[in-house]
Amino acid sequence: MNLDNLLRKNIKTLQPYSSARDEYTGEAMVFLDANENPFNYPYNRYPDPLQRELKEKIARLKGVTPEQIFLGNGSDEPIDLLIRAFCEPGEDALAIIDPTYGMYQVAAGVNNVNVKKISLTESFELDARELLKNTDEKTKLVFLCSPNNPTGNCLDKNAIQEVIQNFPGIVVLDEAYIDFAPGKSLLPQLKEFPNLVILQTFSKAWGMAGIRLGMAFASPEIISVFNKIKYPYNLNILTQQKALELIENKKQTEKWIKLLIAEREKMTKLLQDFPFVEHIYPSDANFILVKMHDARGVYEYLKEKGVIVRDRSKVHLCAESLRITIGTSEENGQLLLALKELI
């Protein structure tokens, strides 16, 4: 893959901004280079723009090198950067599966980039040949989400690899929910695919949605493009410090994952007994998609009971479906009790 042939012309020639912390990264007695307030340490200092300490820790956790990691404000930041780097506004396009995570289309719209939607099958499977058939020389990016949102299922790994190997542009594999699908990540195979970008997050299994920390894994060449066009200090010092602290909590996170998977299986079984539930789709995520009679009516009823789920009925292939996040045993019990009262 020739990355220069894929990048926008202005990105190839762009001279990145060089911050004070880019030009000097060592220790010193006195810092008088960044126009910072000398008081209120450590929050008076700009954070490390490349998050070196945090990347070292994540590299060990994920089995990659720091040079293969980009850290952003949630996964939304690398999604936006990918479109800005590779898609010429008003000319180029990206391809997405349908249904899937809505931010791919929103980010494309913000950047004036066309979107090609390729429908999943009725069972929410990826048809690799159909997707590839609907791309052309103007299609620079393909976004795949696995486990997919809102369907919850992992896409077939062979189909994903078929797309990666046959698409001449960049394939973005969003694995935001992959912690709930052990053994199904493509991250161990990252080096095999120079055109692959894998997105993961600390928002789901790690319980860090509030600190907004997303990860992109790719070749060092692609990561260097992210670093070239990102805002200088895109990850604040509070996020970096809290992430360094919480990553030490790996055993607790593993316990949470086991509990949530067990609750997911229990909820799947118990919800099948309700007469208005038509179908519960298989899930590899921390939520389940449930097709039922009068989904909107059930949603409004649950809202009155103080239990909030997500109505996905207007999403392609998801008619009359509610997406239910797996909560604690007590929270799930409240949902079940409310549904029993509805009967």
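For clarity, every value in this text was computed on a predicted model and none was experimentally measured.

**Digging into the overall build of the protein chain**
Assigned secondary structure in the protein chain consists of 13 helices and eleven strands. A compact globule built from 343 residues should have a C-alpha radius of gyration of about 20 Å, and the protein chain, at 22 Å, falls within 12% of that. Expressed along its principal axes, the backbone C-alpha trace of the protein chain runs to roughly 70 × 50 × 35 Å. A buried classification covers 52% of the 343 residues belonging to the protein chain. Look at the contacts in the protein chain between residues 6 or more apart in sequence, and 69% of them connect residues 24 or more apart. Summing over all exposed atoms, the protein chain offers an accessible surface of approximately 17000 Å²; the carbon and sulfur share of this is 50%. Taking the 41 positively charged and 46 negatively charged side chains of the protein chain as two groups, their mean positions are separated by 1 Å.

**Topic: helix H4 (residues 52-62)**
Among the residues of H4, those classed as buried are Leu54, Lys55, Lys57, Ile58, Ala59 and Lys62. Contacts from the buried residues of H4 go to strand E1 (69-72), strand E6 (196-201), strand E7 (214-217), helix H9 (220-229) and helix H10 (237-246). Phi turns positive one or two residues past the end of H4, at glycine 63, with a value near 75°.

**Some details on the packing of helix H5 (residues 76-86) against H9**
Interaxial distance between H5 and H9 falls to 10 Å at its minimum, and their mutual angle equals 95°. Between H5 and H9, the interaxial angle falls into the category roughly perpendicular. The residues of H9 that touch H5, namely those facing Pro78, Leu81, Leu82, Arg84 and Ala85, are Val225, Phe226 and Ile229. Looking at the contact of H5 with H9, its residues break down into seven nonpolar, no polar and one charged.

Each value, and the rule that gives it
Residues numbered from 1 in each chain as written. Predicted model: local features only at pLDDT ≥ 70, side-chain atom pairs only at ≥ 80, totals over all residues. Heavy atoms only, no water. Helix = DSSP H or I, 4+ residues; strand = E, 2+ residues; numbered from the N terminus. Rg over C-alpha atoms; globule rule 2.2 N^0.38 Å. Buried < 20%, exposed > 50% of the residue type's maximum accessible area, 1.4 Å probe, protein only. Contact = heavy atoms within 4.5 Å. Areas by Shrake-Rupley, 256 points an atom, 1.4 Å probe, with all protein chains shown as cover. Lys, Arg positive; Asp, Glu negative; His and termini not counted. Charge placed at Lys NZ, Arg CZ, Asp CG, Glu CD. Axes fitted to C-alpha atoms, helices over the stretch in contact; angles between N-to-C directions. Parallel < 35°, antiparallel > 145°, perpendicular 65-115°, else oblique. Nonpolar A, V, L, I, M, F, W, Y, C, P; charged D, E, K, R; others polar.

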